[in-house]
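Coordinate inspection notes
Chain residues, written in single-letter form:
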Amino acid sequence: MKLLTILLLSLALFPAACKKDAPATQPDKEPVASDPKPAGEQKLVPMEHYDAVDAIWKSGLQAVVACVQKRVDVTKQKGIEGYLIIEAKIGKEKNPIDIRIKEQKLNVDQIEPCIAEYIGTLEFPVWGYWATSQTSYNINIGF
């Protein structure tokens, strides 16, 4: 009996939900963009160069650790542990540009100039446009 009541109630409400006098609606047509990427969007490293770029970033770990170690020696800090995320633009020339530490969890001041100088000497593949690339280095000194 409950099922029959629910069915009758559903059928009674169905016409109210679908008004015949309501105007037909169509989805708004959005303008089609001629350029698939907005002007401000960052370009990515092409897939065929991804492994080479990754290997070059990894080759920089010891130099980055050396830069941190130099600052630790000056500041006499003990037990430095954390990470750095370094970002640069690569791809149009062999050496990166706009090198910066995007994020740091080391609490070591004044390491960016040393790291930027070293990373600037790395030679990445060239593919004809600037792409933003980044890597993360885990650092553990004095533990």
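Conventions adopted
Residues numbered from 1 in each chain as written. Predicted model: local features only at pLDDT ≥ 70, side-chain atom pairs only at ≥ 80, totals over all residues. Heavy atoms only, no water. Helix = DSSP H or I, 4+ residues; strand = E, 2+ residues; numbered from the N terminus. Buried < 20%, exposed > 50% of the residue type's maximum accessible area, 1.4 Å probe, protein only. Contact = heavy atoms within 4.5 Å. Areas by Shrake-Rupley, 256 points an atom, 1.4 Å probe, with all protein chains shown as cover. Pairing = 2+ DSSP bridges. Axes fitted to C-alpha atoms, helices over the stretch in contact; angles between N-to-C directions.

**Digging into the overall build of the chain**
Helix and strand content of the chain: 4 helices and 3 strands. Of the regular secondary structure in the chain, the N- to C-terminal order runs α-α-α-β-β-α-β. The proportion of buried residues among the 143 residues of the chain is 28%. Here the analysis covers contacts within the chain between residues at least 6 apart in sequence; of these, 75% occur between residues at least 24 apart. Roughly 10,700 Å² of accessible area belongs to the chain as shown, and the carbon and sulfur atoms make up 56% of that amount.

**Quick word on the sheet that holds strand β1 (residues 80–90)**
Picture the strands of a sheet paired through backbone hydrogen bonds; they go either parallel or antiparallel. In space, the 3 strands of this open sheet follow the order β2-β1-β3, with antiparallel pairing throughout. At either end of the open sheet lies a strand with only one pairing partner, and these are β2 (97–104) and β3 (131–141). With strand direction ignored, the average angle separating the axes of adjacent strands in the sheet is 25 degrees. By the bridge criterion, 11 bridges tie β1 to β3 in an arrangement that is antiparallel. Bridge pairing links I90 to A131 in β3. Sheet strands in contact with helix α2 (residues 47–59) are β1 and β3, and its direction is about 35 degrees off that of β3.

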